[in-house]
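Here are the chains, one letter per residue:
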Amino acid sequence: MADFKSFAKAPPLGWNSWDCFGAAVTEQQIKENAEYMAEYLKPYGWEYIVCDIQWYEPKAKDNDYNNFTELTMDKYGRLMPAVNRFPSAKGGRGFKPLADYVHSLGLKFGIHIMRGVPRQAVHKNCPIYNSKHTCREIAHHFSVCAWNTDMYGLYNCEGAQDYYNSIINMYAAWGVDFIKCDDICVTEFRKWDNPYTADYEIEMLRRAIDNCGREIVLSLSPGPAPRNKAKHLKETANMWRLTGDFWDRWEPLHDMFAKCEEWEGVGSKGNYPDCDMLPLGRISKNGTCHGKQNRKTNFTKPEQYTLMTLWGIFKSPLMFGGNMPENDAFTLSLLTNVEYLKMHKTSFGARELLRKERNGRGYIIWTAKGRKCRYLALFNTDSKPRRIKADLDGIIEADRVYTAYNIWEERETGKVKNSLTAAVEPHGAVLFKIY
């Protein structure tokens with residue numbers, strides 16, 4: 001099989017069900033969002049439809065997890081879609097019918113998984129498909145997730161690789177194109193265990209995908225991924241999270257500037273540090289998760305420009321979190337801006353040019369290179385409007401006149417030489433293409 005980095009030649013663009021439907025997403029909701037993407041976003045390069053956590057739990061109803069609840073599982077300890085929520089999975093067909101439907105729209109299909117083996121499979125001592133080992137033999141009973149009770153981690157042993165092979169081969173047969181593996185790349189939760197949650201489990205996933213016969217993008221969650229593991233992450237995954245779950249509040253958005261600066265220069269073709277999802281549009285439909293139930297994003301329009309601008313110039317994957325059929329015109333405009341998406345796909349060398357703040361208020365400037373152009377992002381982190389001046393020394397040729405194009409306003413704003421000044425709204429951003 002080809003090098004896994006070729007599976008994602010540009011940062012993936014997609015939708016994930018978590019922000020709007022939590023643990024309780026249904027087949028119909030997946031289809032509705034896929035249909036929206038096919039009609040409105042596919043022409044702009046959006047392609048992944050990802051079903052997030054608990055698709056195997058019949059009783060899921062909101063964003064909460066039901067501790068030690070019964071899960072849908074086959075005789076080999078492999079989790080299967082709950083048929084009351086995914087009726088096309090009936091008869092052991094798994095996600096293949098749904099993946100086939102998504103593929104028929106010209107899109108790609110992804111799923112969320114937790115690392116390890118279901119506790120339920122361990123307690124029943126299920127045999128591992130195509131292996132002499134059982135699920136009980138591979139379970140690391142002290143390696144458990146701090147926030148979800150479904151799984152045990154795995155020992156570093158032959159049978160553990162067999163188990164990962166069994167589930168990945170099944171997913172490949174279903175037609176899965178993207179796997180988001182959770183509880184696998186963060187350090188805080190497991191002080192007594194391997195300090196890098198389970199590096200050998202990441203490697204097992206990598207081997208299983210490399211040998212499954214299908215190109216599957218691998219995304220690791222949650223964060224913060226340890227910066228000193230960047231080399232290992234680039235050798236094993238296409239995406240890895242820089243933070244815990246990101247939601248629609250200014251404070252974590254402001255914190256993301258430091259995270260992006262920390263990981264500056266690490267991303268490359270096929271390897272993308274991931275700032276997490278875009279909690280925009282209509283979110284939290286099934287529960288009061290980080291705010292009111294069934295709300296429009298708490299981010300102001302200027303904050304939404306800041307979010308999109310930072311994610312874009314940093315080249316984070318873009319995974320939209322809102323219920324797309326409820327998108328308004330403004331939200332859709334954020335996702336279909338041609339020059340923005342061109343920057344996100346083709347720019348390189350993104351870096352923080354200047355950060356001037358006091359007590360978290362001030363301004364930040366980022367820049368990146370493009371094909372025959374330069375990009376400049378001005379961020380106002382203050383609670384009042386600002387005029388921000390950027391010195392362009394080292395970005396463009398001195399004393400030469402260039403044209404500045406405001407990407408979000410989709411218009412040329414005039415000529416620039418040596419510096420550029422713009423008015424920026426509170427918590428807002430202005431993004432320029434300079435050519």
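The structure reproduced in this document is the subject of the present report. (Residues numbered from 1 in each chain as written. Predicted model: local features only at pLDDT ≥ 70, side-chain atom pairs only at ≥ 80, totals over all residues. Heavy atoms only, no water.)

With that settled, the discussion passes to the overall build of the chain. Along its length, the chain carries 12 helices and 21 strands. With the C-alpha coordinates of the chain rotated into their principal frame, the extents come out at 70 × 40 × 40 Å. Within the chain, buried positions represent 60% of all 435 residues. Long-range pairs, those at least 24 residues apart, make up 71% of the contacts in the chain between residues at least 6 apart in sequence. Per element, the accessible surface of the chain, about 17,400 Å² overall, is 47% carbon and sulfur. (Helix = DSSP H or I, 4+ residues; strand = E, 2+ residues; numbered from the N terminus. Buried < 20%, exposed > 50% of the residue type's maximum accessible area, 1.4 Å probe, protein only. Contact = heavy atoms within 4.5 Å. Areas by Shrake-Rupley, 256 points an atom, 1.4 Å probe, with all protein chains shown as cover.)

Aromatic ring pairs: the centre-centre distance and the angle between the two ring planes describe each pair. Here the structure, examined in full by the defined rule, presents 20 aromatic pairs. Ring-pair connections join several aromatic residues into one group, and the members of that group are W55, Y56, F86, F95, F109, Y171 and W174. The lysine or arginine in question, K433, covers the ring of Y435, its NZ or CZ lying 5.4 Å from the ring centre. (Phe/Tyr/Trp six-rings, centres within 6.5 Å; stacked < 30°, edge-to-face > 60°. Lys NZ or Arg CZ within 6 Å of the ring centre and 35° of its normal.)

Right, let's get into the environment of M319. By the secondary structure assignment, M319 is in strand 13 (residues 318-320). Here the alpha-carbon distance between M319 and E264, two residues 55 residues apart in the chain, equals 20 Å. Residues contacting M319, with those up to four places away along its chain left out, are P12, G14, W15, Y48, V50, F178, M277 and L278.

Below, the discussion takes up the sheet that holds strand 5 (residues 139-144). The sheet built from 3 strands is open, its strands ordered 4-6-5 with antiparallel pairing. Of all strands in the sheet, those with a lone pairing partner are strand 4 (117-118) and strand 5, marking the two edges. Sheet topology places strand 5 next to strand 6 (residues 151-154); 3 bridges connect them, and they run antiparallel. Bridge assignment links V144 to a residue of strand 6, and that residue is Y152. (Pairing = 2+ DSSP bridges.)

In the sheet, strand 14 (residues 348-358) pairs with strand 15 (residues 361-370) via 8 bridges, with the strands oriented antiparallel. When the bridges of strand 15 are listed, L354 appears paired with I365. In sequence, strand 14 turns back onto strand 15 through a hairpin of 2 residues, with N359 there showing a positive phi of about 55 degrees.

Okay, the pattern of salt bridges next. Taken as a whole and assessed by the stated rule, the structure comprises 23 salt bridges. With its nearest N and O atoms 2.7 Å apart, the salt bridge here joins D177 to R214. With D177 in the loop between helix 6 (158-174) and strand 7 (178-182) and R214 in the loop between helix 7 (199-210) and strand 8 (217-220), the pair connects residues that are 37 residues apart, well separated along the chain. Looking at D177, the relative accessible area reads 8%, which means it is buried. Of the residues examined, R214 reaches a relative accessible area of 24% and is grouped as partly exposed. K259 is the salt-bridge partner of E262, the closest N and O atoms lying 3.4 Å from each other. With E262 and K259 both in helix 9 (residues 250-262) and 3 residues apart, the pair spans about one turn of that helix. Within the structure, one salt-bridge network assembled from shared partners comprises R115, D183 and E201. (Salt bridge = Lys/Arg side-chain N within 4 Å of Asp/Glu carboxyl O.)

Attention now moves to the nonpolar core. If you look at the biggest cluster of nonpolar residues, it comprises 132 residues, and the most contacted ones within it are W55, V117, Y171, L220, W311 and W366. It is helix 6 that provides the largest number of residues to this core, a total of 9 residues. Membership of the second largest hydrophobic core comes to 18 residues, among which are Y363, I388, A404 and V430. (Core = buried A, V, L, I, M, F, W, Y, C linked by side-chain atoms within 4.5 Å.)

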